[in-house]
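# Examination of the molecular architecture
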Amino acid sequence: MDKFSKRSKTVIGIFVFIGLVYVICLFNLQILDPKYKQFATNNVLREVIQYPARGLIYDRKGKLMVINKSSYDLLITPREVKNFDTLHLCQLVGVEKEELEAKIEEAKNYSWYKPSVIVKQISPENYAILQEHLFKFKGFYTLPRTLREYETSSAAHVLGYVGEVTQNDLARDDYYGMGDYIGVSGIEKSYEEHLRGEKGLKKFMVDVHNRIQDSYMDGTEDVTAKIGKNLVSTIDLELQAYAEKLFSNKKGAVVAIEPLTGEILTMVSAPYYNPGMLVGRARGSNYSKLLSDTLKPLFDRTLLAGYSPGSTFKILNAMIALQEQSITLDTRFSCSGPESSPIRCTHNHVSPLGVIEAIRESCNPFMWNTFRSIITKYPTAAEGYNIWREYVLSFGIGRKLDSDITNEYDGNIPTDEHYNRLYGERRWNAQTVRSLSIGQGEIEMTPLQLANYGAIVANRGWYFIPHVIKEIENGEIDQRFKTKIYTKISPENFEPVIEGMQMVVENTSAASLMNIPEIEMCGKTGTVQNPHGEDHSVFMAFAPKNNPQIAIVVYVENSGFGATYAAPIASLLVEKYIKREIAESRKWIEERMIEVDLLHIY
Amino acid sequence: MFNLTEKPRRNNLWANIDWITVLIYVLLVFMGWFNIYASVYNIEHSSIFDLSQRYGKQLMWIGAAFIIAFIIILIETNFYVFFTFFIYLFVVFLLVLVLLIGSEINGSKSWFSIGSLGIQPSEFSKLAVSLALAKYMSTFGFKIHRIKSYFVMAIIILVPVLLILMQKDTGSALVYLSFVIVLFREGLSGVVLFFGTLVVLLFICALIMSNLVLNIALLAITLIILFIINPKLKQFGFTLLFFGTSFGLIFFFDLLVNTNFQPIDLFVISSLTGGVTSIIYFARKKIKDSVTIFVIFLGAVFFSLSVDFVFNNFLMPHHQARINELLGINSDPLGVGYNVNQSKIAIGSGGFLGKGFLNGTQTKFNFVPEQSTDFIFCTVGEEWGFVGSLVFISLFIALVVRIILSAEKQRSVFSRIYGYCVAVILFFHFMINIGMTIGLMPVVGIPLPFFSYGGSSLWSFTILLFIFIRLDADRLEQPIMLNSGN
């Protein structure tokens, strides 16, 4: 023992002190501070989203319309990238060198550690080749996705299309992540929640190089992706394609409804496009091409165009007057032809005439007198007008029908307020708004509303809200499509006008173009004045007269008289739907309709 | 010098061995091996005898270490005493040789590559220095407070340190600081330790504080200490007056001449003049303690001013970065701070009981670099949690404390000094290594004794420890082998 042996205590003191300091630090690090546990989970946990396939869409006969095809995205994790042959990669995935380099730069700016998509929608054929060479490109990965594929070139507007989510979608619904696909229009949009299925989540543990090592918690926290639900549409694909064929080189719209169910059989907005144009890599350029087209092929006329109903509206006016008993079946109004006042008549016919003949002849003066009889029945024009308006609204006109395709236009049936503003209170009367009597003036109806109006007439007074989906896999369509809605017109008041409509088809000068052998069709032509050029031709019809199977409306823009194009086209469609083929005697009409080019006449 | 009557006692050799220390050693080695196994574990290579894997190799090193330990126990202690000088020279020779023909691993030119086997001479030089110090300081008539003693001790320690620094192996060189504790035990003035601590504190403060704040703080502390040890109001008042006038004069000078002094310049210059005046004042009053205080004050001011200069001009960029990271001056968790950050995450995620053997995700999936060597403690922290860390730290502290206590019991000065050397070397490795993994020390690559993967380090620590165990066994065996006391 020497005199410094006591210093051993100092030395031991230092040892124990540092040991204690470390233990305290470790206590803080391992027990008190929770952030390291979180960091550790962040380090190893990689959540890989499993994208479900979207639901398929069938037509009403079970024909596949929309399916899925595999596609692959190419991803990059910049940190792991080693030198590679840029040109070779460009050639494999089919993109320009500059584009690829720009994308890689973008990915680097986003994150060096997280993967970013640099090439989207690589076809399975390209993918097969790429896969063989991928080992040469360190840091590049592929991710399988599904894309829409169309088994038909028809029905683009009804089916709608799928696109990448927008910032708005992301903010609205946290189901979506960047780069996810979402229905943008048509059925794809309105049935998005059924079609999209449910994304799954696989949790993996990765090592420092982001390589997957193992499943996290033995996969117990994984969520399996649920495939989207298949849908059966009400669309009759054959009829749809036929309607589109008839509409070659024409502008306009067709809507056909099964009156008994409210199921939409066909919806054509012409010009139309092939739905396949809005899928895949060419989508961007195709989309801008369609967008810049002056004929507006992307604009869905069936739902968004507010046409005047023209003479087709006369049927409704006649029924309202009968219901209001402001006219009876015995009422006769005289017509002075072109000298009539305040509305001229363009047709040559007997005078005076009753309601049935008036419908056949589409007599303007009769309809004006009928309309006036409704309005003048009440003390003030406004009162009478509002009664009239209530009847019109009960036909689903002037407001959205609340169909299952979103983005409907309201149409327009002005309120009395509108006329008060325009002419001053009590400063207007039936004569002021006389255009309404012949379906002109402020009235705007979409083809869908007009077709539904046709279905109501066919049903003699009620309708189901028109819809395009009839079956949802493991689900039910909305209750609103199974609820009958009644109008304010009693069934017996439909019969006289239907009588008139049958005569239109069978007993007018244009009957040869629209009379279908063995089918009793009831219809009404219309010629809609329009400020943009030649009149639109419109035809509303249903058939057969008893137990109707189809109600249809055809608009052909800038084509003149309703009987010239709209009526023959409608008759062909009715014949096609009911008989599945066109009678030999009418083939010439079919040919003529297909061949006529109304787009390039100017 | 040789004891010729050792034969009967020879039989007692195994009984005289400190089996508790041996047990702690074996425990540490096997705990280390399990953690190496866990840190490099993967399903494809799960056989523990797979020699292509680190745990397989380590098992081989461990076997060899046990044989080495056994041989050391069999060797007469006199051998080391006798051959100390040659061992020392041989190691120095190797250190020079490695500079010439060594291979560079991780930026340090400190390895001999013999086939696939790497040997690091600096691992063995600690042993040589320990032996040499023990031998020199235990020579008859050794007095520590002689110029010659200081000189020789400095030579013994600094020659290997310089050679190791030339290999750019700062971590290993840092360990030689630990010998100061041995010298302290043998009579080196505590003032050295005090100043050593002061210098380190000042260095850190100078880096993390602005010079102005630091200098004001230093002056305030100096004045407080002055007042405590010399509570005479009149003298204190004079001191304040010196500093006040210095400041005032220099301020006016600055205004007159328009020298554009910065506040720090003003303050430093007035501190210096005030300090010097105070020294002269107290020297004339013959109040020695007060003079000393102001000398230290002036030294501290100079030192803090020079730190930035030294830091920026003498330290290598990666050392600067690591120190900046440690002190929180610059934080770069994906760059310089990556290791430490990941290491803290691994340890911190262990929680109280840890994630269990082979279940550590951070270490298994390679988030922590150097996880089987310098950062092996991360595996302990992650898989065995706070409890495991506590057990490990307790075992290690128990080992070094036991060595100190045992060294104090030695009758031979050589054994005692050698024992201290062993304890402080082990302790310094422990302190720097663990401190580094939990972010208390800068990242310098030195292994955790008995734990880290690597043959050189395991063998050198085994030799280091077992020579002491053998010397300790001799304590009971031989009454007096060398001179005792000084």
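Residues numbered from 1 in each chain as written. Chains lettered and ligands numbered in written order. Predicted model: local features only at pLDDT ≥ 70, side-chain atom pairs only at ≥ 80, totals over all residues. Heavy atoms only, no water.

## Here we look at the overall build of chain B
Where we set the bar: For helices the rule is a DSSP run of H or I covering at least 4 residues; for strands it is a run of E covering at least 2, with both sets numbered from the N terminus onward. In this scheme, a residue with accessible area under 20% of its type's maximum is buried, one over 50% is exposed, and one in between is partly exposed, where area comes from a 1.4 Å probe on protein chains only. By the convention used here, residues are in contact when the closest approach between their heavy atoms is within 4.5 Å. Working definition of accessibility: Shrake-Rupley area with a 1.4 Å probe, residue cover restricted to the visible protein chains.
When you go through chain B residue by residue, the secondary structure sums to 20 helices and 3 strands. Buried positions account for 52% of the 486 residues belonging to chain B. Looking at chain B alone, contacts between residues at least 24 apart form 71% of all its contacts between residues at least 6 apart. Summed over all atoms, the accessible surface of chain B reaches about 21700 Å², with 73% contributed by carbon and sulfur.

## Considerations on the overall build of chain A
From N to C terminus, chain A includes 22 helices and 18 strands. Counting only residues that meet the buried cut, chain A has 55% of its 602 residues in that class. Considering only contacts in chain A between residues 6 or more positions apart, those separated by 24 or more positions represent 71%. When the accessible surface of chain A is split by element, carbon and sulfur atoms take 50% of a total near 26600 Å².

## Focus on the interface of chain B and chain A
As a reminder, the rule being used: Two parts lose some accessible area (1.4 Å probe) when they are put together, and adding that loss for both gives the buried area. A side-chain nitrogen of Lys or Arg and a carboxyl oxygen of Asp or Glu constitute a salt bridge if their distance falls within 4 Å. Whenever two N or O atoms come within 3.5 Å, that pair is a polar contact, provided that in protein one can donate a hydrogen and the other can accept it, and provided that, for residues adjacent in sequence, both atoms are side-chain atoms.
At the junction of the two partners, chain B supplies 50 residues and chain A supplies 35 residues. Across the interface of chain B and chain A, roughly 3600 Å² is buried in total on both sides, 76% from carbon and sulfur atoms. Linking chain B with chain A are 0 salt bridges. Summed over the shared surface of chain B and chain A, the result is 9 residue pairs in polar contact (both at pLDDT 80 or more). Only α9 (179-185), α16 (338-348), α17 (361-364), α18 (376-409) and α19 (413-437) of chain B provide two or more residues apiece to the side of chain B that touches chain A. Sorting elements by how many residues they give to the side of chain B that touches chain A places α18 of chain B first, with 13 residues.

## Regarding the sheet that holds strand β11 (residues 252-258) of chain A
Residue and element names in this part refer to chain A. For clarity, the cut-off: Whether two strands pair comes down to DSSP finding at least two bridges between them. The convention used is that axes are lines fitted to C-alpha atoms, helices contributing only their stretch in contact, and that angles between N-to-C directions extend from 0 to 180 degrees.
With antiparallel pairing, the 5 strands of this open sheet are ordered in space as β12-β11-β18-β17-β16. Edge positions in the sheet fall to β12 (263-270) and β16 (522-528), since each has one partner strand and no second. Within this sheet the neighbouring strands show an average axis-to-axis angle of 5 degrees, counted without direction. As defined by bridge partners, strand β17 (residues 536-543) adjoins strand β18 (residues 550-556) across 7 bridges and the pair is classed as antiparallel. Paired with Ala543 across the two strands is Ile550, which belongs to β18.

## So, a positive patch on the surface
For clarity, the threshold we go by: Only residues whose relative accessible area exceeds 30% and that take part in no salt bridge are eligible for patches, with like-charged residues grouped when within 9 Å of each other and nonpolar side chains (Val, Leu, Ile, Met, Phe, Trp, Tyr) grouped when within 5 Å. Positive charge is attributed to Lys and Arg, negative charge to Asp and Glu, and no charge count is given to His or to the chain ends. Just so you know, the charge point we use is NZ for Lys, CZ for Arg, CG for Asp and CD for Glu.
A surface patch of positive charge is lined by Lys3 of chain A together with Lys143, Arg146 and Lys148 of chain B. Arg146 of chain B gets classed as partly exposed once you look at its relative accessible area, which sits at 44%.

## Regarding helix α17 (residues 416-423) of chain A
All names here are of chain A. Condition: Arc definition: directions from the helix axis to the C-beta atoms.
When α17 is considered as a whole, its buried residues turn out to be Asp416, Tyr419 and Asn420. Mapping the buried residues of α17 onto a view down its axis gives an arc of 105 degrees, with all of them on the same face. In this structure, the buried side of α17 is in contact with α16 (381-393). The first or second residue beyond α17 is Gly424, which carries a positive phi of 95 degrees.

## Overview of a nonpolar patch on the surface
All names here are of chain B. Among the surface-exposed residues, Trp14, Trp19, Ile67, Phe70, Ile71 and Leu74 lie close enough to one another that they form a single nonpolar patch of about 600 Å² accessible area. Sorting elements by how many residues they give to the nonpolar patch places helix α4 (residues 54-74) first, with 4 residues. Tracing the chain through its elements places Ile67 in helix α4. Judged by relative accessible area, Ile67 falls into the exposed class, the value being 52%.

## Details of helix α12 (residues 233-257) of chain B
Along an α-helix, residues three or four apart share an orientation, since each turn contains 3.6 residues. All names here are of chain B. Note the threshold: The span one expects for a helix is its residue count, reduced by one, times 1.5 Å.
With 25 residues, α12 extends 36 Å between its outermost C-alpha atoms, agreeing within 8% with the 36 Å of an ideal straight helix rising 1.5 Å per residue. Those residues of α12 that sit buried are Gln235, Phe236, Thr239, Phe242, Phe243, Ser246, Ile250 and Asp254. On its buried face, α12 is in contact with α11 (211-229), α13 (263-284) and α14 (288-314). After α12 finishes, the residue Asn258 shows a positive phi value of roughly 60 degrees.

## Things to note about the pattern of salt bridges
Using the criterion set out here, one finds 40 salt bridges over all chains in the structure. Here Glu499 of chain A and Lys545 of chain A are joined by a salt bridge, their closest N and O atoms 3.3 Å apart. Of this pair, Glu499 of chain A sits in helix α19 (residues 494-506) while Lys545 of chain A sits in the loop between β17 and β18, and the two are 46 residues apart along the sequence. Of the charged contacts in the structure, one is a salt bridge between Glu382 of chain B and Lys355 of chain B, with a shortest N-O distance of 2.7 Å. On the criterion of sequence distance, the pair formed by Glu382 of chain B in helix α18 and Lys355 of chain B in the loop between α16 and α17 is long-range, its members being 27 residues apart. The class for Glu382 of chain B is buried, based on a relative accessible area of 0%.

## Brief notes about the environment of Ser270 of chain B
All names here are of chain B. Relative to the elements of secondary structure, Ser270 occurs in helix α13. Residue classification places Ser270 among the buried positions, given a relative accessible area of 4%. Ser270 has contacts with Phe243, Ser246, Phe247 and Ile250, leaving out every residue within four places of it along the chain.

## As for the environment of Thr437 of chain B
Residue and element names in this part refer to chain B. Checked against the element boundaries, Thr437 lands in helix α19. Take Thr437: its relative accessible area is 0%, and that puts it in the buried class. In sequence terms Thr437 and Asp374 are 63 residues apart; their C-alpha atoms lie 8.5 Å from each other. Here Thr437 is in contact with Val340, Ser343, Lys344, Ile347, Asp374, Phe375 and Phe377, once residues within four sequence places are set aside. In terms of polar contacts, Thr437 uses its side chain to reach the backbone carbonyl oxygen of Ile434, at 2.7 Å.

## Considerations on the packing of aromatic side chains
Residue and element names in this part refer to chain B. Under the convention used in this document: Under the pairing criterion, centres of Phe, Tyr and Trp rings, with the six-membered ring standing for Trp, must be within 6.5 Å; the plane angle then separates stacked pairs below 30 degrees from edge-to-face pairs above 60, leaving the rest tilted.
The tally for this structure, following the rule as stated, stands at 60 aromatic pairs over all chains. Here the aromatic rings of Trp14 and Phe70 are separated by 5.6 Å at their centres, their planes lie at 15 degrees, and the arrangement is stacked. With Trp14 in helix α2 (residues 13-16) and Phe70 in helix α4, this pair connects stretches of sequence that are 56 residues apart. Where Phe450 meets Phe461, the ring centres are 6.1 Å apart and the plane angle is 65 degrees; that geometry is what we call edge-to-face. Taken as a pair, Phe450 in the loop between α19 and α20 (455-477) and Phe461 in helix α20 lie far apart in primary sequence, 11 residues in all.

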